[in-house]
Amino acid sequence: MLIGMGKSGRRQAAEALRRQRAAEARRKKVLFGVAIGGAVVLIGGLLGLGIWLNRDSGYEVNDPAAATTDSYAVQIGSGPVEVDIYLDYLCPACKQFESTYAGNIQAWVDAGSVTVNYHPIAILDRLSQGTEYSTRAAASAVCAADVGEQEFLDYTVALYEHQPAENSQGLSDDELTSIGADVGLGSDWEQCVADGAYKGWVQAGTESATGDQGVSGTPTVKVGGEEVDPADFVAEVEAAIANGS
């Protein structure tokens, strides 16, 4: 629990967690490569139903205060190498990706080596018993981005730490708010979540990703605009950094 910590203490605790994950990344990579393939294929096979359930939601599309792209991504960092990550907060393979590479992403952002465009999409709403968990979780993460880039990264880590099972109701809004409180997000963020301010933006981004952007599953990862195998993520990014591209 991070409640009661100052900002410095919260970030130190989050950094300790990220360092632990980074130390485990090499061991996890082989297992990750095996697990991710089947998961993405499964998501791709069910994608059409997910899009149909997400259409015509009636949610207003509000532009976030955070830095975003025209492709409905939250922009983190300002480095020369551009990375795009499409994720669903209910996706088990996305949790595996995050737990494997969160430390690397943090280090690259801190070093000014990369700009990471996070696309929080909601293709798995159909697996939360009508509660639209993927949409709600993604919208709450965009609210965190309004608070700050580090807050978005820390909240993403925390959401995956508390990821509910598929085919459950997911976490309630109160539970999402509790997770945000542990990360150190404040009352403005809580109001943003309560208002569902970015549900429409997330669902518009989902339609864009699965339509014009050609995303067929999560996690989908691009380096320099080219899709890469998630199991090769670190090698691809490090090569792009070395090449200065």
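Keep in mind that this is a model prediction, so the values were computed, not measured.

*Asks:* Explanation requested: the overall build of the chain in the structure shown.
*Replies:* In terms of regular secondary structure, the chain is built from eight helices and five strands. In the chain, the succession of helices and strands from N to C terminus is α-β-β-α-β-α-α-α-α-α-β-β-α. Relative to its 245 residues, the chain shows a buried fraction of 52%. A total accessible area of about 10,700 Å² is found for the chain, and carbon and sulfur atoms account for 49% of it.

*Asks:* What is the right way to look at helix 3 (residues 133-147) in this model?
*Replies:* Each full turn of the α-helix corresponds to 3.6 residues, which orients residues three or four apart in the same direction. The end-to-end C-alpha distance of helix 3, which contains 15 residues, comes to 21 Å, matching closely the 21 Å that a straight helix rising 1.5 Å per residue would cover. A large share of helix 3 lies buried, amounting to 13 of its 15 residues.

*Asks:* Please clarify how the sheet that holds strand 5 (residues 226-228) should be interpreted in this entry.
*Replies:* Taken in spatial order, the five strands make up an open sheet running 1-3-2-4-5, and their pairing is mixed. The open sheet has two edge strands, strand 1 (74-77) and strand 5, and neither has a second partner. For this sheet, the mean angle separating the axes of adjacent strands, direction not counted, is 25 degrees. Judged from the four bridges that link them, strand 1 and strand 3 (residues 114-120) form a sheet pairing that is antiparallel. Opposite Gln-75, over in strand 3, you have Asn-117 as the bridge partner. The sheet contacts of helix 2 (residues 92-111) involve strand 1, strand 2 (81-87), strand 3 and strand 4 (220-223), and relative to strand 3 the element is tilted by about 150 degrees. Against the sheet, helix 8 (residues 233-243) touches strand 2, strand 3, strand 4 and strand 5, its axis set at about 155 degrees to strand 2.

*Asks:* I tried to follow the state of the cysteines on my own but got confused; where do I start?
*Replies:* Put plainly, two cysteines are in a disulfide when a covalent bond ties their sulfur atoms together. All told, the structure shown has one disulfide when counted by the stated rule. Each sulfur in the disulfide pair Cys-143 and Cys-192 lies 2.0 Å from the other. Here the S-S torsion is close to -75 degrees, and the disulfide linking Cys-143 with Cys-192 is therefore left-handed. Of the two residues, Cys-143 sits in helix 3 while Cys-192 sits in helix 6 (residues 187-195), which places them 49 residues apart along the sequence. Cys-143 sits in the buried class, given a relative accessible area of 2%.

*Asks:* Hey, could you run me through the confidence of the model for the chain in this one?
*Replies:* Any region with low pLDDT has predicted coordinates that should not be read closely. When pLDDT is averaged along the chain, the result is 85; 76% of the residues meet or exceed 70. Note that residues 1-5 has pLDDT below 50 and, in this model, nine contacts with residues that lie over four places away or in other chains.

*Asks:* Is there a simple way to think about the packing of helix 4 (residues 149-161) against helix 5 (residues 173-183) in this case?
*Replies:* Describing two packed helices takes the angle between their axes plus the distance from one axis to the other. Axis separation between helix 4 and helix 5 bottoms out at 10 Å; the angle between their running directions is 125 degrees. Taken together, helix 4 and helix 5 sit at an angle that is classed as oblique. Viewed along their axes, helix 4 and helix 5 form a crossing whose handedness is right-handed. Note on element contacts: helix 5 touches helix 4 through Leu-176, Ile-179, Gly-180 and Val-183, opposite Glu-151, Asp-154, Tyr-155, Ala-158 and Leu-159. Here the residues of the contact of helix 4 with helix 5 sort into six nonpolar, one polar and two charged.

Reading the values: rules and limits
- Residues numbered from 1 in each chain as written.
- Predicted model: local features only at pLDDT ≥ 70, side-chain atom pairs only at ≥ 80, totals over all residues.
- Heavy atoms only, no water.
- Helix = DSSP H or I, 4+ residues; strand = E, 2+ residues; numbered from the N terminus.
- Buried < 20%, exposed > 50% of the residue type's maximum accessible area, 1.4 Å probe, protein only.
- Areas by Shrake-Rupley, 256 points an atom, 1.4 Å probe, with all protein chains shown as cover.
- Expected span 1.5 Å × (residues − 1).
- Pairing = 2+ DSSP bridges.
- Axes fitted to C-alpha atoms, helices over the stretch in contact; angles between N-to-C directions.
- Contact = heavy atoms within 4.5 Å.
- Disulfide = S-S within 2.5 Å.
- pLDDT = per-residue confidence, 0-100.
- Parallel < 35°, antiparallel > 145°, perpendicular 65-115°, else oblique.
- Left-handed = near helix turned anticlockwise from the far one by under 90°.
- Nonpolar A, V, L, I, M, F, W, Y, C, P; charged D, E, K, R; others polar.

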